[in-house]
Amino acid sequence: MTDSSLPESTGADVAAVAREHSRTGRSAEALRRAVVDHLRYSIGRPAAALEPSHYYRALALAVRDRMQDNRAVSTQTSLDLDSKVTCYLSAEFLMGPQLGANLLNLGIEDAAREALAELGQDYDTVLACEEEPGLGNGGLGRLAACYLDSLATLERPAIGYGIRYEFGIFDQEIHDGWQVEKTDNWLDNGNPWEIAKPDVSYLVNWGGYAEHYTDDTGADRVRWVPGRVLKGVAYDTPIQGYGVKTCNVLTLWSARAVKSFALEAFNTGDYYKAVEDEVNSETVTKVLYPNDEPEVGKRLRLLQQYFFVSCSLQHILHIVDDLADLSVHELPQRFAIQLNDTHPSIGVAELMRLLVDERLLSWEEAWEITVATFGYTNHTLLPEALETWPLTMFAESLPRHLEIIYEINRRFLDEVDAKFPEDAERLRRMSLIGEDNGKSVRMAHLATVGSHAINGVAALHSDLLKGSVLKDFYEMWPERFSNKTNGVTPRRFVGLANPGLRALLDDTIGAGWLTDLAKLRGLENHVDDPVFQDRWRAVKRANKARLADYVRANAGVELNADWLFDVQVKRIHEYKRQHLNLLHIVAEYQRLKQNPELRLTPRAYIFGGKAAPGYFLAKRIIKLINAVGETVNNDPHVSQFMKVAFVPNFNVQNGQLIYPGADLSEQISTAGKEASGTGNMKFMINGALTIGTLDGANVEMREEAGAENFFLFGLTVDQVQQIKRDGYRPSDYINGELATALDLIGNGTFSHGDTEVFRPIVDNLRFDDPFLVCADFASYLECQDRVSAAWQDTGAWTRMSILNTARSGKFSSDRAIAEYCDDIWDVSALTVL
Ligand code: 26Q
C-alpha cells in the first residue's frame, strides 16, 4: 500500500489516475489495485489458488468500499441538514444480485470490466459467482428492493429495515416433473455486501406478563415482565443511488441469545432451560416463511415480525435521542415509517408501548405521534391472505401489546360510534378484534387505524380496497386513502437485464431515460422507421437466443428463437391461473392432433415460478406443466409447432434473462385478485405485449399502451362478482375444446395413462373452480388466436412492441417513489456533494 494518505482524484489525467485512492478511485487502474489488495488482505489466498469466486468477492469488497465512502457523506449531509428520513419496514427484501447493480449505479462497469480483464478474468463469469439473497417470496419483497433503488437515486434519505434470514426462499429443483425444495444457503460463502454492527443491538422481550403499578408520582404505569429476552444485531448493506452520491442503507436484524438471561434475570436455577433458550434465540431469524402456506398463524412468524419491528423502532428512537438530539415529539417531522403490508403492523402497538411505558408520554400525545408517523400499504384483497393472529397466542406472546391494542380499539370504537351512532354491526366489522371462528387480532385494522395514510398498489386495487376490505375505514377517514401504483426499477430491469436495448435506446433517444423513464415516449417518433424496426427486432432476437441457451441448459428443452416466446413467470397460485394457460396449450395440442394439416403459429411456452411447499394444488400444477411439456416436446409432429419449458428456480437473477426474451407476457389472473403485479411491468418495459385480464396494474398498462396494443380477454371484476352471486357452475362452461382438454388431462394422455395424478386439478375445475378458469376459457382461447394471427404480421407486431416500451414510463419505481415522497412521506431530495 502506497497511497492511502493521498487525496482522491477527480481528474482524468494520467498522473491523477495514478494517485487515485485504492478504496475510492473510479478508474480501471484504481479498481485493479483495489481487487489485488482485497485478494491479499481480505481474502488471503495465494495467487495460484485464485478462482473466479475469489475475484468476485474481492471486486465486491472494492465496490463496497466505494459505496461506504458515499454512505459516510450521505449520513453526514442528512444529519447536518436535519432532513426527514423514510423508514421502509418490510419482512422481505428480494434484492437480487448486487455486484452488477452497484457497478451500474456507481458508473464504473467499464472500469471494472477492464480491471478484471487485466487480471485475466472474464467479467460475466466473475459476476455469475454471486449467490443472490432471496430474502423474499415474490412481488412484495422485490417491490421493496426496487423502492430502495429509487429512493437512493432520487436522493431521498431512507433506511430499509428487515430481517436477515439465514435461509431465504428455498431453491427449487425439478425431479421427474415435481418441485423439490432445497435449503437456500446464501450465506455459505459469506456476504461481502453487509457490515455486521454488533454494537448496534437492541433487546426484544417476548411472552411473560404485564405488571401494573403506581410510580413515585402516583401515576399508573405498566412494566412488561417478559418470559424471554432476545437480542437483535444490525447488519448494514449500502444502497447506492444511480448517478448520484446518495448512498442509503438497508439494516437487517439478526437474532442472538442474551447470555445467561434466564439465570440472571430470574435466577430460577434452571441451567438447562437457560441453555435451551440460548439455542432457541438464534432460530428466530433462521428462515423466511413462504406465503400461501395452508398453515399460517405460526407463533415463530409473529416473533419474527415483532423482533424486527421492535429493533427498528428502538433504533429510530435511538437516532432521535442520541444522534439528532431531538424530542420524540418531533418524530413525525423527521421520520416517516411505512408498513409494507401488515407484516410489520405490530409496530403501531410497539411504538405506543415505547412512548407510553418507556418514555412516559401521555396516551394522547403518543397516539398523535404514532398516527402521524405511520403509513400502511396494502398488497392483497384475498380474504385468506389478510393477517390475523389467534387471540390466545397473541396474549401469551405479547401480553402488553394486547392491552395496548384493546385500548386503541376502545378509543377507536368510541370514535366510530360518535360518527355512526347505534350501528352495532359496523362496530363489529371494524373492531381490531375479530370474533368469527375464535377471537383474533386483525392486523390490517391495526395498521389502518394506526396510520395517517393508507394506500393500495394499483388504481383498481385501491378502488376495490375502498369498496370492500377497508370500506368502513374509508367511510370513516376518506382523506387517508390514496393509490400508489407500483413500479419497477429501470436500472436493474433494463439497464442490467437488457444491455442491447439500453444501447439502442441511448442511441435513439439519448441517455437520460434511465432516470426519467417518461422519456421513452421519444421512441414513438421512430416507430415507423424500418431501420429502427430492424434494430429493435435484432435486439429482441438476441435476447431470445440468450434465453433459449438458458432454457436448453436448465430445462433441457431446445427452443427456436424465431418462434413466438410466450412467457408466464411468477409464483404458482390458483388465482394467477397457470392452469388456464395450460388449458390453452392442451387445446392447441388437440387441434394439431385432430388436424395434421394445421399450420399453427409456432410458439414456445415458457413457465417459471415456485409453489409454497405445502400448497398441494400449486405443486400439482407444476407437475402438469412438465407433463404436458414432455408429451408435446417429444411428439415429432406437434413439436414442430409448439414447445413447453419449465425454467427451474425462477428468481431475480434468471428473471433478468427471461423478461427481455419474451414476446408475449401472460397476466391472466381472475379480475380482482392480483393487487397489482410488477412482473407485468418488467415485460412491458422490455417490449413484450401483454395478454391479460382487467386486473391489477394491467388496467393502467393497457390505458398507457392503448387498447390496440394490448390483448384483453376475460370477465371484469363486476362480472366476476355477478357470476359468483348468481351461483357459479363450471359445468355451464365445460363444452367443446375445454371439455376435450379437461378429458385429455384426466385420462392420462400426459401421464402415461395415470388417471389419478391430475384428478385433483381436473376435479377442482369441474366442480369448484373458485377462480373462474372455465368461465374465462373461451375468451382466453379466442384472444390467443388473435395473438397468433398478429404474430404473422412482423411489422405490425414490432410496432406494437416498440409502442409498449415507449409508453411504459409510468411503471418506473421512480414515479411511484416520487408520489410516496410527495403525498405520504413529505420527504424531499437532499443532494449529497
Ligand atoms: C403471511 C403470513 C405468514 C407467512 C407469510 C405471509 C406472507 C408473505 C409474503 C404473505 C404475503 C406475502 C407476499 C405477498 C405479495 O408478494 N403480494 C404481491 O405484492 C406485489 C407488490 O405490491 C403485488 O404486485 C402483487 O399483486 C401481490 O400479490
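Going by the structure above, here's the rest.
Definitions and limits used
- Residues numbered from 1 in each chain as written.
- Predicted model: local features only at pLDDT ≥ 70, side-chain atom pairs only at ≥ 80, totals over all residues.
- Heavy atoms only, no water.
- Helix = DSSP H or I, 4+ residues; strand = E, 2+ residues; numbered from the N terminus.
- Rg over C-alpha atoms; globule rule 2.2 N^0.38 Å.
- Buried < 20%, exposed > 50% of the residue type's maximum accessible area, 1.4 Å probe, protein only.
- Contact = heavy atoms within 4.5 Å.
- Areas by Shrake-Rupley, 256 points an atom, 1.4 Å probe, with all protein chains shown as cover.
- 1 Å grid on protein atoms, 1.4 Å probe; cavity = no way out; pocket = protein on both sides within 12 Å on 5 of 7 lines; lining within 4 Å.
- Points joined across faces, edges and corners; volume = space filled by probe spheres on them.
- Nonpolar A, V, L, I, M, F, W, Y, C, P; charged D, E, K, R; others polar.
- Near = heavy atom within 4 Å.
- Polar contact = N/O pair within 3.5 Å; in protein donor to acceptor, adjacent residues only side chain to side chain.
- Pairing = 2+ DSSP bridges.
- Axes fitted to C-alpha atoms, helices over the stretch in contact; angles between N-to-C directions.
- Parallel < 35°, antiparallel > 145°, perpendicular 65-115°, else oblique.

Peer 1: I keep staring at the overall build of the protein and nothing clicks. Help me out?
Peer 2: Per the secondary structure count, the protein includes 33 helices and 22 strands. Computed over its C-alpha atoms, the radius of gyration of the protein comes to 28 Å, within 12% of the 28 Å expected for a compact globule of 833 residues. In the protein, buried positions account for 61% of the 833 residues. Long-range pairs, those at least 24 residues apart, make up 75% of the contacts in the protein with a sequence separation of at least 6. A total accessible area of about 31,400 Å² is found for the protein, and carbon and sulfur atoms account for 50% of it.

Peer 1: Would you mind showing me how to read the layout of surface pockets here?
Peer 2: A probe as big as a water molecule, rolled over the atoms, marks out the empty space that is left. Here the second largest pocket defines a volume of roughly 900 Å³. Around the second largest pocket, the lining is made up of 34 residues, and of these L381, L382, P383, L386 and V469 lie nearest the centre. Mapped by element, the contributors of at least two residues to the lining of the second largest pocket are β12 (388-390), α16 (424-430), β14 (440-442), α17 (443-449), α18 (459-467), α19 (471-476) and α28 (717-726). In terms of residue count, the dominant contributor to the lining of the second largest pocket is α28 (four residues). Here the lining of the second largest pocket is built from residues that sort into 13 nonpolar, 10 polar and 11 charged.

Peer 1: Help me understand the site of the ligand in this model?
Peer 2: As a matter of local geometry, the ligand sits amid 20 residues, with L140, H379, N486, E674 and G677 nearest to it. The backbone of L140 places a nitrogen or oxygen atom 2.9 Å from an oxygen atom of the ligand. Y575 places a side-chain nitrogen or oxygen 3.3 Å from an oxygen atom of the ligand. When isolated, the ligand has an accessible area of 610 Å², and the protein chains bury 87% of it. Tallying contributions element by element places helix α7 (residues 139-153) first for the shell around the ligand, with three residues. Counted by class, the shell around the ligand contains seven nonpolar, nine polar and four charged residues.

Peer 1: Can you help me understand the sheet that holds β14 in this one?
Peer 2: Two modes of strand pairing occur in sheets, parallel and antiparallel, and in both the strands are linked by backbone hydrogen bonds. With antiparallel pairing, three strands are arranged side by side in an open sheet as β12-β14-β13. On the outer flanks of this sheet lie β12 and β13 (433-434), each paired with one strand and no other.

Peer 1: Mind showing me how you'd approach empty space enclosed by the protein here?
Peer 2: All told, the structure shown has three cavities of 30 Å³ or more when counted by the stated rule. Each pocket or cavity is described by its volume, and for the largest cavity that value is around 180 Å³. What lines the largest cavity is a set of 16 residues, among which Q98, A101, N105, D149 and R492 lie closest to the centre.

Peer 1: So what exactly am I meant to see when it comes to the packing of helix α13 (residues 363-373) against helix α15 (residues 399-419) here?
Peer 2: Closest axis-to-axis distance for the α13/α15 pair is 13 Å, and the angle between their directions is 85 degrees. Taken together, the axes of α13 and α15 are roughly perpendicular relative to one another. Together, W363, E364 and W367 of α13 and I404, E407, I408 and R411 of α15 make up the contact between the two elements.

Peer 1: Is there a simple way to explain the environment of K570 in this structure?
Peer 2: The topology assignment puts K570 in the loop between β17 (564-569) and α23 (578-594). For the pair K570 and E422, spaced 148 residues apart in sequence, the C-alpha to C-alpha distance is 46 Å. If we skip the residues at most four places from it in the chain, K570 touches K576, Q578, G608, G609, K610, F650, E666, Q667 and E674.

Peer 1: Would you mind showing me how to read the environment of R577 here?
Peer 2: Position of R577 relative to the elements: it lies in the loop between β17 and α23. Sequence spacing of R577 and R766 is 189 residues, and the spatial spacing of their C-alpha atoms is 15 Å. With sequence-adjacent residues up to four places away left out, R577 is seen in contact with Q568, I668, S669, T670, T693, F713, F771, L772, V773 and D776.

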